[in-house]
Amino acid sequence: MCGIFAYLNFLTPCKRQKIIDILVKGLKRLEYRGYDSAGIAVDDGNVIKDGGNAIRLIKKTGKVKILQQEIEEVVANELDNDLEFTSHIGIAHTRWATHGEPNALNCHPQRSDTKNEFVVIHNGIITNYKDIKLFLEKKGFVFESETDTEVIVKMIKHLFDVHQGNNEPITFRELVENTIQQLEGAFALVFKSQHFPAECVAARRGSPLLIGIKSLTKLSTDSIPILYSTDQRGYGTQNISRQESMTEFEPVGPNKAAEFFFASDASAIIEHTNKVIFMEDNDVAAVRDGHLTIHRIERSLDEDSTTREVITLKMEIQQIMKGNFSSFMQKEIFEQPESVVNTMRGRINFQTNRVMLGGVKQHMSEIRRCRRLLFIACGTSYHSAVATRQLLEEMTELPVMVELASDFLDRTTPVFRDDVCFFISQSGETADTLLALRYCKTRGALCLGITNTVGSSIARETHCGVHINAGPEIGVASTKAYTSQFISLVMFGLMMSEDRISMQERRKDIIQGLKKLPEQIKEVLKMDDQIHAMAQELYQQKSLLVMGRGYNFATCLEGALKIKELTYMHSEGIMAGELKHGPLALVDKAMPVMMIITRDSVYTKCMNALQQVKARHVSHVFNYLF
């Protein structure tokens, strides 16, 4: 996943060194997203003919630390480190290669021409970039990279030149709006230009982007009304003078100094400010003369909100620091005794065996009348639904369908008004899950979100839902969010069965089991040294099969996914009951096998599968009995 970070200081004097430090630190906060190159764009201090500053790009393959060394060398030899800017916009990016190999030319920011008149950073994929590239090549543009992003910045340069040639004035924001109308696919974009000094324009469609605001004085409003270029409902637009308009966001009083931060993730912003605005799909945000405005090209008929709220983040800087752990993932694994308690806090009364999920309480009567439950997700979130499917079928006595969001959309799956659809996503921004949500919503189904991020797209667009309260998850390979999603779905099942007399004993057993869970997790974490020793034995293997059955099959799928993500080793989660139907052919002396067996209703069947594996003389068999 690419990482976007930008910093704009308005009437806030900053030396170049401080600006660069803020940009580099922002990139370091986004390193967890995975990347292969990084770059920044800042003013170099040389004034061009129309009053703007020439732009300097510094890009490097490898880690942010290598980019930082390159910046220090460039600044020492070519730039004045002590040059102070009263107002300035700097942009920075970490790239995960999708179009073109990792190298300096393909690294972001991408530029419009050799003079760097326009530069852009981009997260997402432009699906029609080849058509746009062909159009621009016919106009005389020469491309220097293999990226899809370069067509964006060259398109904005083309539109600017057309308006200049016709002597037609156009704003930076209008240029961006005209450009993104030509784009198909997903994107989060932040633009910078020589021709519009100290101005920044950002846009999003399908990829997350948020804005942080920092000022010394109180802000003028707690929400920003959206401005529309076109109103599909036929309403006329009014021209309101700047003095009378409440559509701009700025500090109150004579001191208009402000700082604006644009980022893919709140973790890059929280150390600077906790006041943020989450951009929604098709939003265009522009900062000009220290005023923030949010625009949309057109007003749709089904649009719910005409404002963007300023949200106060409750995240603490300590939550996004590794502390004494070797990685964020290890830290988050060891946070699970606390995170599962936070998921259950205020929702389960262990004395009365009552469960209450406030986010879905008002819709329970409608949910109980539904035809079926659909759980739609990707990756780890999908596995959390697989893990709880059997229990939910037992507790609700309803058909439970679990779908991968991408496949669900490819099949154009029939969805009905009496279906209840759950959309599970840690970030609340998973593109395929979000598209599936909109698909189901248009078909009249009740949509519930299970997310870990307040203010995310799924949290906003679903009818109701559950916030899992797992805390910030920085590691890309999800851990504590998985366990919290699991518990949230179990709690939903407990709510659904609270009025069934035949289920009461079963409900009590499950609730008391949840009560013991934090201590049981602590006991498992004490096995850290044993698990590390086993990993030392396995990490050089080429493949690993993870087998289980019943409730444990999802654990096998999730375990195999984590092995693939972290070690780049081939690993496969296999249903033990399917062993004879193909997978047994993979089992031999060279194939290590891990089996997860619990003393439940499928214990005997799993032990039979274990004997089949041992009969193949497997050199490494790890079986865990619980």
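Residues numbered from 1 in each chain as written. Predicted model: local features only at pLDDT ≥ 70, side-chain atom pairs only at ≥ 80, totals over all residues. Heavy atoms only, no water.

A. Up close: the overall build of the protein chain. Across its full length, the protein chain holds 17 helices and 30 strands. Counting over 626 residues, the protein chain shows a buried share of 54%. If the 73 positive side-chain charges of the protein chain are averaged to one point and the 77 negative ones to another, these points end up 5 Å apart. (Helix = DSSP H or I, 4+ residues; strand = E, 2+ residues; numbered from the N terminus. Buried < 20%, exposed > 50% of the residue type's maximum accessible area, 1.4 Å probe, protein only. Lys, Arg positive; Asp, Glu negative; His and termini not counted. Charge placed at Lys NZ, Arg CZ, Asp CG, Glu CD.)

B. Seen up close, the sheet that holds strand β11 (residues 210-215). Strand order in the open sheet formed by 8 strands is β4-β3-β6-β1-β14-β11-β15-β19, with antiparallel pairing between adjacent strands. Edge positions in the open sheet fall to β4 (53-61) and β19 (311-312), since each of these has one partner strand only. Both strand β3 (residues 37-47) and strand β6 (residues 88-95) contribute to a ladder of 5 bridges, which runs antiparallel. In the sheet register, S37 faces β6, and the bridge partner there is R95. Packing of helix α1 (residues 16-29) onto the sheet brings it into contact with β1 (3-10), β3, β6 and β14 (258-263), and relative to β3 it is tilted by some 165 degrees. Docked against the sheet, helix α2 (residues 64-78) engages β3, β4 and β6, running at close to 140 degrees with respect to β4. (Pairing = 2+ DSSP bridges. Contact = heavy atoms within 4.5 Å. Axes fitted to C-alpha atoms, helices over the stretch in contact; angles between N-to-C directions.)

C. Examining the environment of T127 more closely. Tracing the sequence through the fold places T127 in the loop between β8 (118-126) and α3 (129-138). The spatial distance from the C-alpha of T127 to the C-alpha of R372 is 35 Å, given a sequence separation of 245 residues. In contact with T127, other than residues within four places in its own chain, are E184 and G185.

D. The nonpolar core, seen in detail. By size, the foremost hydrophobic cluster in this structure holds 50 residues, and its most contacted members are I367, L373, F375 and F492. Element by element, the count of residues in this core is highest for helix α13 (residues 480-496), at 10 residues. Sequence-distant contacts of I367, defined by excluding residues within four places in its chain, comprise L373, V420, L446, L448, F492 and M496. Ranked by size, the runner-up nonpolar core spans 34 residues in total, among them Y7, V24, L79 and F278. (Core = buried A, V, L, I, M, F, W, Y, C linked by side-chain atoms within 4.5 Å.)

E. Summary view of α3. Among all positions in α3, only Y129, I132 and L136 are buried. Down the axis of α3, the smallest arc covering the buried residues is 65 degrees, so these residues share one side. In this structure, α3 carries K130, D131 and K138 as exposed residues pointing more than 90 degrees from its buried face. Buried-residue contacts for α3 involve β8 and α4 (150-165). In the segment just after α3, G140 is the residue with positive phi, at about 100 degrees. (Arc of directions from axis to C-beta.)

F. Local environment of the pairing of strand β23 (residues 400-404). Here 5 bridges tie strand β22 (residues 372-377) to β23, and the two strands are oriented parallel to one another. Following the sheet pairing, L374 is matched in β23 by M401. In this region the chain leaves β22, passes through helix α9 (residues 379-396) and returns to the parallel neighbour β23; the handedness of that crossover is right-handed. (Right-handed = clockwise from strand over helix to strand, strands pointing away.)

G. Broad picture of unusual backbone geometry. In the segment running from H108 into P109, the intervening peptide bond is cis, with an omega of 0 degrees. Summarising the element assignment, P109 is placed in the loop between β6 and β7 (110-111). A positive phi angle, near 60 degrees, is found at N116, a position not held by glycine. Relative to the assigned elements, N116 resides in the loop between β7 and β8. Since its relative accessible area comes to 9%, N116 is described here as buried.

H. Summary view of the packing of helix α7 (residues 336-344) against α13. The contact between α7 and α13 brings their axes to 9 Å, and the two run at 30 degrees. Viewed along their axes, α7 and α13 adopt a mutual orientation that is roughly parallel. For α7 against α13, the interelement crossing comes out right-handed. Contacts between α7 and α13 involve Q336, S339, V340, T343 and M344 on the former and, on the latter, K480, T483, S484, I487, S488 and M491. (Parallel < 35°, antiparallel > 145°, perpendicular 65-115°, else oblique. Left-handed = near helix turned anticlockwise from the far one by under 90°.)

I. Structural context of α7. Those residues of α7 not exposed but buried are Q336, P337, S339, V340, T343 and M344. When α7 is viewed along its axis, its buried side chains cluster within an angular range of 170 degrees and face the same direction. Looking at the residues trailing α7, positive phi occurs at G346, about 75 degrees.

J. Up close: the pattern of salt bridges. Going through the model one piece at a time under the given rule, you end up with 34 salt bridges. Of the charged contacts, one joins E199 and R288 as a salt bridge, the two residues approaching to 3.8 Å between their closest N and O atoms. Linking E199 in the loop between β9 (185-193) and β10 (200-205) with R288 in strand β16 (residues 283-288), this pair joins segments that are 89 residues apart in sequence. The buried category is assigned to E199, whose relative accessible area is 13%. The shortest N-O distance in the salt bridge between E461 and R438 comes to 2.8 Å. One end of the pair, E461, is in helix α12 (residues 457-461); the other, R438, is in helix α11 (residues 431-442), with 23 residues separating them in the sequence. Residues joined in a network through salt bridges with shared partners are R204, D281, E429, R438 and E461. (Salt bridge = Lys/Arg side-chain N within 4 Å of Asp/Glu carboxyl O.)

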